[in-house]
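Analysis of the macromolecular model
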Amino acid sequence: MLTTTSAELTMPKIKKRSELAAVIRRLSKNPSAVIGFVVAVFLALIAIFAPLIAPYPYDKQDLMHTRQPPSAQHLFGTDELGRDVFSRVIWGSRFSLTVGLFAVLLGSGIGVFFGSLAGYFGGLVDDIVMRFIDILQSIPDILLAITISVVLGPGFFNTLLALSVGGIPMACRLMRAGILGIRKQEYLEAAVAINASTPRIILRHVLPNSFAPVLVSATMMIGHIILGAAMLSFIGLGVQPPIPEWGSMIAGGRSLIRSCPWMVTFPGIFIMLAVLALNMFGDGLRDALDPKLKK
Amino acid sequence: MSRYILRRLVQLIPVVLGVTILIFTIMYLIPGDPVKMMLGADATIADIEAKRQELGLNDPYLVRLGKFLRDIFLHFDFGKSWVYNVPVTEELLRRLPRTLIIAAACILLQILVGIPLGIIAAINHNRWGDRIAMFIALFGISMPNFWIALMLVLYFSVRLGWLPPYGIGGIKYYILPVIANAFPGIATQARQTRSSMLEVIRSDFITTARAKGMSEFQVIFKHALPNALLPVITVIGNGMGRLLAGTVVIESIFSIPGVGMYLVGGINTRDYNVVQSSVIFLAIAFTLIMLLVDLTYAMIDPRIKAQFAGKKRRRKRHAHHHKCRTHHA
């Protein structure tokens, strides 16, 4: 008798764990999601251990060996100041990946907050939030990021802020839709009935049950933000030299594309790898969280 | 239908006003003195003060905002470039056709290449045709358009010498910019077409069509495709934002004097009125295009059409019942 009761008590916990396990199992069966995940982790490790991997400091100039094509000493060649392109690309991964990750966290966080408010309270709050989101969404996100970074000026945090704004509308809409979808469920009624506080209801009951679409879109958004960051520094906003950033490296090599194409090719390949990996993983995550869509 | 169009037009007004106010407010917050930066270090205080007065920068926020909105929406006047002292509106209108040509050509390419690619992938679901098409599409959404542009220049202009690397002239000057800018759109279109085709192919009416012995070709093109096209139209609309923003960097790579290159020029010369006006101009253009897409959607989708017919019928209490009926038949 006693064992049955304890089994019943632990039921929800086991179920929750097995759901997560099921998602992971589905993910691991999807080869492209696994490849994406492995490449993303690999790039993250490169970013973390950049000082150990890069053979030269990113700003070390060697005016005797400028514009060298790729060779054993300089895997990706050197730029117009004799800096090692390979080392710069390795260091550049730090900037792109952190901006991508944190801009998405910030933008999604703000979006989720306002989306929850709009979805949970409805009525006037919903109207005000959603009209503002409408306006925000009417400005193409790259143009918004350009405007904000013109105002804030260059730099890591300013770029991060500028790019995060573009992620707000999508997260907000998905969160709101998710909450509207579960609003009439019995377990919410039960939570209200046992007098749980509003923050508790939102944090413990509403968010975990409506978060999946936001998670998928956030994963895809990281890649999108990395592209945006590269574009901002390509047109001269974003981080400034000598800090290596993939987009600004491409911009720097642009005028030398005839004589030293490697200055443009390699940073671009790394942008592509990073975004490709995140997109592959994001696609897989979407299918794993919603197996209905696959089949 | 005209009621729907009217309602959408009215809904547009607060959005366009909101966009303008938002951009104006963001630009208002520029720290430091833009005039000081504009005139350089050797400007006297009197010069700076005179310029500030001339540009109306000494007025309070609400006064400046009010004047700005009045000039734009009543006189269609974006003011003057701070650096070159020429009217911004004329410049924007003169440059707009080039930007629109690029955007329109990109959309055309997106439809002509992206949709067939998606159909091929869906028909060959989980076979090699699908895998290859989707792999190409995945690459397409993962490359920055400016990098694609430079790679295209590297091969087709520098190595092969087939196409001009920059400038404007005949059609061949537009080929590389359009391909570079359309690439992400083609890829997104292919992915969306595939998934909405797959969804439709699983529906019961497709099974019915097959069961009654229709050829697979007819099933796909007569039954599946028309039903799968609706979400595909939405992708075209959403892609417009990325396309317009994409022209910003594409135009400056290929030295095409469109709105985007104007914007980048404004950033480099700290001509903040040019930046502000170009962004607002592009955002309004985007909103208008989205409206057109929504209207097209409503016109094609019988469900939205029926919704309006239904409302009308209810409101007029069967007075026009017969007319509506015949209209629908």
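Since the structure is predicted, the reported quantities are computational estimates derived from the model, not experimental observations.

Rules of the game
Residues numbered from 1 in each chain as written. Chains lettered and ligands numbered in written order. Predicted model: local features only at pLDDT ≥ 70, side-chain atom pairs only at ≥ 80, totals over all residues. Heavy atoms only, no water. Helix = DSSP H or I, 4+ residues; strand = E, 2+ residues; numbered from the N terminus. Rg over C-alpha atoms; globule rule 2.2 N^0.38 Å. Buried < 20%, exposed > 50% of the residue type's maximum accessible area, 1.4 Å probe, protein only. Contact = heavy atoms within 4.5 Å. Areas by Shrake-Rupley, 256 points an atom, 1.4 Å probe, with all protein chains shown as cover. Lys, Arg positive; Asp, Glu negative; His and termini not counted. Charge placed at Lys NZ, Arg CZ, Asp CG, Glu CD. Buried area = accessible area lost by both parts, 1.4 Å probe. Salt bridge = Lys/Arg side-chain N within 4 Å of Asp/Glu carboxyl O. Polar contact = N/O pair within 3.5 Å; in protein donor to acceptor, adjacent residues only side chain to side chain. Patch = residues over 30% accessible without salt bridge, like charges linked within 9 Å, V, L, I, M, F, W, Y side chains within 5 Å. Phe/Tyr/Trp six-rings, centres within 6.5 Å; stacked < 30°, edge-to-face > 60°. Lys NZ or Arg CZ within 6 Å of the ring centre and 35° of its normal. Core = buried A, V, L, I, M, F, W, Y, C linked by side-chain atoms within 4.5 Å. pLDDT = per-residue confidence, 0-100.

Thoughts on the overall build of chain B
- Secondary structure summary: chain B contains 14 helices and 0 strands in total.
- When the helices and strands of chain B are placed in sequence order, the string is α-α-α-α-α-α-α-α-α-α-α-α-α-α.
- Here chain B has a C-alpha radius of gyration of 25 Å; the compact-globule value for 329 residues is 20 Å, and the former is much larger.
- Expressed as lengths along the three principal axes of its C-alpha atoms, the size of chain B is roughly 85 × 65 × 35 Å.
- Counting over 329 residues, chain B shows a buried share of 48%.
- Considering only contacts in chain B between residues 6 or more positions apart, those separated by 24 or more positions represent 71%.
- With an accessible surface of roughly 16,700 Å², chain B has 64% of that area assigned to carbon and sulfur atoms.
- Of note, chain B has its 36 positive side-chain charges centred 16 Å away from the centre of its 18 negative side-chain charges.

Overview of the interface of chain B and chain A
- With 46 residues of chain B in contact, the opposing surface of chain A contributes 43 residues.
- Both sides of the chain B and chain A interface together cover about 3,800 Å² of buried area, and 80% of this is carbon and sulfur.
- When the buried surface of chain B facing chain A is broken down by residue, Ser142(B), Phe146(B) and Trp147(B) rank first, second and third, together holding 15% of it.
- Run the count over chain B and chain A and you get 1 salt bridge.
- Across the pair Arg191(B) and Asp283(A) runs a salt bridge, and its minimum N-O distance is 2.9 Å.
- Between the two partners, chain B and chain A, sit 4 residue pairs in polar contact (both at pLDDT 80 or more).
- A total of 8 residues in the side of chain B that touches chain A trace back to one element, the largest contributor, which is helix α1 (residues 2–28) of chain B.

So, a nonpolar patch on the surface
Residue and element names in this part refer to chain A.
- A cluster of nonpolar residues, Val 34, Phe 37, Val 38, Val 41, Leu 45, Ile 48, Phe 49, Leu 52 and Ile 53, forms a patch on the protein surface that exposes about 810 Å² of accessible area.
- Of all the elements in the fold, those that place two or more residues in the nonpolar patch are α2 (31–48) and α3 (50–53).
- Looking at which element gives the most residues to the nonpolar patch, the answer is α2, with 6 residues.
- Position of Leu 45 relative to the elements: it lies in helix α2.
- On the basis of relative accessibility, which here comes to 41%, the residue Leu 45 falls in the partly exposed class.

Focus: the side chain of Thr78(A)
- Summarising the element assignment, Thr78(A) is placed in the loop between α3 and α4 (85–121).
- When neighbours within four sequence positions are excluded, Thr78(A) is seen to be in contact with His65(A), Thr66(A), Arg67(A), Gln68(A), Arg83(A), Asp84(A), Val85(A), Trp262(A) and Met263(A).

A short note on the pattern of salt bridges
- Per the stated rule, a full pass over the model turns up 14 salt bridges over all chains.
- Linked through salt bridges whose partners overlap, the residues forming this network are Asp127(A), Arg131(A), Asp134(A) and Arg173(A).

Structural notes on the packing of aromatic side chains
- Throughout the structure, instances matching the rule amount to 20 aromatic pairs over all chains.
- Seen from their ring centres, Phe37(A) and Phe281(A) are 5.4 Å apart, and the 40° between their planes marks the pair as tilted. Separated by 244 residues along the polypeptide, Phe37(A) in helix α2 and Phe281(A) in helix α13 (residues 262–289) bring together distant segments of the chain.
- Classification of Phe281(A) by relative accessible area gives buried; the value is 19%.
- On the numbers, 6.0 Å between centres and 55° between planes, the contact of Trp246(A) with Phe270(A) is tilted. Residue Trp246(A) is located in helix α12 (residues 246–253), and its partner Phe270(A) is located in helix α13; the two are separated by 24 residues in the primary sequence.
- Among the aromatic residues, those joined into a cluster by ring pairs are Phe76(A), Phe86(A), Trp246(A), Phe266(A) and Phe270(A).
- The positively charged end of Arg131(B) is found above the aromatic ring belonging to Trp128(B), 5.9 Å away from the centroid.

Examining the nonpolar core
- Counting residues in each nonpolar core, the largest one holds 140 residues, and the members touching the most others are Leu143(A), Ile146(A) and Phe146(B).
- Considering each element in turn, this core owes the most residues, 13 residues, to helix α12 (residues 272–300) of chain B.
- Excluding residues within four positions of it along the chain, Ile146(A) makes contact with Met231(A), Leu232(A), Ile235(A), Leu237(A), Val248(B) and Ile267(B).
- Ranked by size, the runner-up nonpolar core spans 16 residues in total, among them Ile119(B), Met197(B), Leu198(B) and Ile201(B).

Section: the confidence of the model for chain B
Residues and elements named next belong to chain B.
- Taken residue by residue, chain B gives an average pLDDT of 82. The fraction at 70 or more is 91%.
- Predicted confidence for residues 316–329 stays below pLDDT 50, and this span has 4 contacts to residues more than four positions away or in other chains.
- Listed scores for the predicted complex are pTM 0.84 and ipTM 0.82.

Some points on the environment of Asn273(B)
All names here are of chain B.
- Examined against the element boundaries, Asn 273 turns out to sit in helix α12.
- With 249 residues separating them in the primary sequence, Asn 273 and Phe 24 have C-alpha atoms 9.7 Å apart.
- Asn 273 has contacts with Phe 78, Gly 79, Lys 80, Trp 82 and Val 88, leaving out every residue within four places of it along the chain.
- Polar side-chain contacts of Asn 273 include one of 3.0 Å to the backbone oxygen of Phe 78.

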